[in-house]
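The primary structure of each chain is shown beneath.
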Amino acid sequence: MSEPSSAGADTAQPLGMPAKDFTSHQLREARAQAVSLASKNERLVAALGTARERITELGQQLDAVTRPPVTLGLLTAIPGTQDLSHAGDGERAGDDTTREREVAVSLSGRQMLLHVHPGVDDAELKVGRLVAVNDQMLVVATLPEPQTGEAVTLEETLDDSRVLVSTGGGGTKILTLSSSLRRVAGTEEGLKPGDTLAADLRADIATTLIERTNVEQLVVAETPDVSWADIGGLGPQIEQIRDALELPFTHPELFQAYGLRAPKGLLLYGPPGCGKTLIAKAVATSLAGSGRAPTQGRSAAFLNIKGPELLSKFVGETERQIRAIFDQARKAAAEDRPVVIFFDEMEALFRTRGTGVSSDVETMIVPQVLAEIDGVESLRNVVIIGASNREDMIDPAILRPGRLDMKIRINRPDESGAEEILARHLTADLPLAPAELAAHGGDREATACALRRVVVETLYARNEETAVLEITEAHAASGGAATRTLHLADLASGAMLAAIVSRAKTASIKDELSGGDGGLSADRLRVAVELEARQNEEIAGATTPEGWARLIGARTSKILGVRRLGREGI
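Residues numbered from 1 in each chain as written. Predicted model: local features only at pLDDT ≥ 70, side-chain atom pairs only at ≥ 80, totals over all residues. Heavy atoms only, no water.

## Overview of the overall build of the chain
Working step 1: Within the chain, the regular secondary structure consists of 21 helices and 19 strands.
Working step 2: Every one of the 570 residues in the chain was classed for burial, and the buried ones make up 41%.
Working step 3: Counting contacts in the chain only where the partners sit at least 6 residues apart, residues at least 24 apart contribute 66% of the total.
Working step 4: Accessible surface for the chain amounts to roughly 30,800 Å². Of this, 53% is attributable to carbon and sulfur atoms. (Helix = DSSP H or I, 4+ residues; strand = E, 2+ residues; numbered from the N terminus. Buried < 20%, exposed > 50% of the residue type's maximum accessible area, 1.4 Å probe, protein only. Contact = heavy atoms within 4.5 Å. Areas by Shrake-Rupley, 256 points an atom, 1.4 Å probe, with all protein chains shown as cover.)

## Let's talk about the sheet that holds strand E1 (residues 71–77)
Pairing between sheet strands relies on hydrogen bonds along the backbone, with the strands arranged either parallel or antiparallel.
Working step 1: Taken in spatial order, the 5 strands line up as E1-E2-E3-E5-E4 and close into a barrel, and their pairing is mixed. Strand-to-strand, the axes of this sheet are offset by a mean angle of 55°, without reference to chain direction. (Pairing = 2+ DSSP bridges. Axes fitted to C-alpha atoms, helices over the stretch in contact; angles between N-to-C directions.)

## Considering the pairing of strand E10 (residues 205–210)
The side chains of a regular strand alternate between both faces of the sheet.
Working step 1: As judged from the 2 bridges shared by strand E8 (residues 172–177) and E10, these two strands associate in the parallel manner. Across the sheet, Thr176 pairs through a bridge with Ile205, a residue of E10.
Working step 2: The pairing of strand E9 (residues 196–200) with E10 spans 5 bridges and is antiparallel. Among the inter-strand pairings, Asp200 is bridged to a residue of E10, identified as Ile205.
Working step 3: Counted between consecutive antiparallel strands, the loop separating E9 from E10 contains 4 residues, among which Asp204 sits at a positive phi close to 60°.

## Side note on the layout of surface pockets
Working step 1: There is about 520 Å³ of room inside the second largest pocket.
Working step 2: Considering the residues around the second largest pocket, the lining is formed by 25 residues, among which Gly273, Cys274, Gly275, Lys276 and Thr277 are closest to the centre.
Working step 3: Those elements that place two or more of their residues in the lining of the second largest pocket are helix H9 (276–288), strand E15 (382–388), helix H15 (415–425) and helix H18 (494–513).
Working step 4: Grouping the amino acids of the lining of the second largest pocket by side-chain chemistry returns 10 nonpolar, 10 polar and 5 charged. (1 Å grid on protein atoms, 1.4 Å probe; cavity = no way out; pocket = protein on both sides within 12 Å on 5 of 7 lines; lining within 4 Å. Points joined across faces, edges and corners; volume = space filled by probe spheres on them. Nonpolar A, V, L, I, M, F, W, Y, C, P; charged D, E, K, R; others polar.)

## Focus: the side chain of Ser508
Working step 1: Along the chain, Ser508 turns up in helix H18.
Working step 2: If we skip the residues at most four places from it in the chain, Ser508 touches Gly518, Gly519, Leu520 and Arg524.

## Notes on the sheet that holds E10
Working step 1: With respect to topology, 5 strands assemble into a closed barrel ordered E6-E7-E8-E10-E9, the strand pairing being mixed. Between one strand and the next, the sheet's axes are offset by a mean angle of 55°, whatever the strand orientation.

## Observations concerning the packing of H15 against H18
Working step 1: Across the interface, H15 lies against H18 with an axial gap of 10 Å and an inter-helix angle of 45°. Classified by the angle their axes make, H15 and H18 are oblique. Here H15 and H18 pass one another in a crossing that is right-handed. Across from Ala418, Ile421, Leu422 and His425 in H15, the residues of H18 making contact are Gly494, Leu497, Ala498, Val501 and Lys505.
Working step 2: Grouping the amino acids of the contact of H15 with H18 by side-chain chemistry returns 6 nonpolar, 2 polar and 1 charged. (Parallel < 35°, antiparallel > 145°, perpendicular 65-115°, else oblique. Left-handed = near helix turned anticlockwise from the far one by under 90°.)

## A short note on unusual backbone geometry
Working step 1: With a phi close to 60°, Met137 is a non-glycine residue in the positive phi region.
Working step 2: Mapped onto the elements of the fold, Met137 is located in the loop between strand E4 (130–133) and strand E5 (138–143).
Working step 3: Looking at Met137, the relative accessible area reads 34%, which means it is partly exposed.
Working step 4: One non-glycine residue, Asp204, adopts positive backbone phi at about 60°.
Working step 5: Considering the arrangement of structural elements, one finds Asp204 in the loop between E9 and E10.

## Section: H15
Working step 1: Taken together, the buried positions of H15 are occupied by Gly417, Ala418, Ile421 and Leu422. Looking down the long axis of H15, one finds its buried residues gathered within 135° of arc, a one-sided arrangement. (Arc of directions from axis to C-beta.)

## Describing the pairing of E15
Working step 1: Within E15, 7 of the 7 residues are buried, which leaves the element mostly enclosed by the surrounding structure.
Working step 2: Burial along E15 is two-sided: Val382, Ile384, Gly386 and Ser388 facing one way and Val383, Ile385 and Ala387 facing the other are all buried.
Working step 3: For strand E12 (residues 265–269) and E15, the ladder comprises 5 bridges, and the chain directions are parallel. Across the sheet, residue Leu268 finds its bridge partner in E15, namely Ala387.

Set out below in structure tokens:
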């Protein structure tokens, strides 16, 4: 029997040991399981992290749900450390930092003295700020000052921390200023009577200054460029106004020698469209160039006040705006500028007291404006001008001497006045029709004068074609009634004359654009007179006998009825 070979002996598997292929397989499986377990571990760690975050979030939500509520109050005082309320530096009196801090807080109108949490900084404790108070009545946080509240009007500053204000109900109250308002009061601008403040009247604290812009929107401080030369047909009235208003500015030494003062104001009354607003602007321009040393070369301020726009349904609001208007006028006058306060539609604002239909607002407005005119503060360089076509509705106290010293009626222009007005609108430098120029030998001035005469003759002719109204009047003296006819001339105004020329200019432009010669002509002006007369708003504006009486200037008789000629009677 032969012996086994050495090669077979080397490759033989030891008895009881696994094969190499099996061991490699087991190792690969172990490694795969290790990788799988590592991946599962990472996912488990991520899941645990997410769960931990969620638990934290739920814990915060639970804390928020179960957290006791806090009450907001208004910090009204810091007892013993009053300097802190307006210093703004966080400095407290004394160096004892271990003592307990207390502040006065208004909680729903109830004044309480509360302790302050140690985490609240001294610098944040300021009068007028909102504070958070927890259920243990401890101040735990501060908030900014409230920007809302009841609007009150500053009447007088009593000292560094207190003011006297008027409330919406017409009463007065003493309030404490917040820290921010005390800083404003310490500036150059400061707090002025008439300023609007937001206040918590239950806490007796004024918290913030309210900027009001509506007065500035109603008051246009324009610089007019209207001169006396721009106004025609009102020579006598202009002379009266210049004598009353310009002489005190040009010759102040003579007025002082005679013990006279410049009038505070004047009333311009009469039909609409006859130049009242132009006169007011011319006064401002004239005063600016009056030659008086302090005002010479300075532009005039023209405060144009629309009476109906100034009225407000809120109690005390119109009076506040009137105070603001006069305050603005005094500021401009302090710069040595002449100031004209022009109240248009004056009867709407200063109606006779006791004549209100729905409410008697004039019982408060009229005394306010009288106080401004007659007040302690001088109205130097300020002239008040009122315009109205219902002077009978203005309170007599406004019109008495010493207030509106002069009353000037602005009548409708007569023929000569109409020619003066037309001379401002129909001038020789305008395009004139070739036929009109040829008829006057090429003289442009003569042609323009002839065209103006055509307008006047057409408008002021008294015949059936120009008859517009038939009125029936009752005369108190005779006790009877009479009927008379009104023509276009009885309803003419400066505004109508300007509109007539504008219509003729438009017709000339259209003719030139269509290939014609263009230019102003007598025929176009006659047509313009007809169109303007029949479409003028003044003729169709009145609907009652009283309205027609104001329109036509019937001051000594009562209008019983009016019939429009050529149309359905009224």
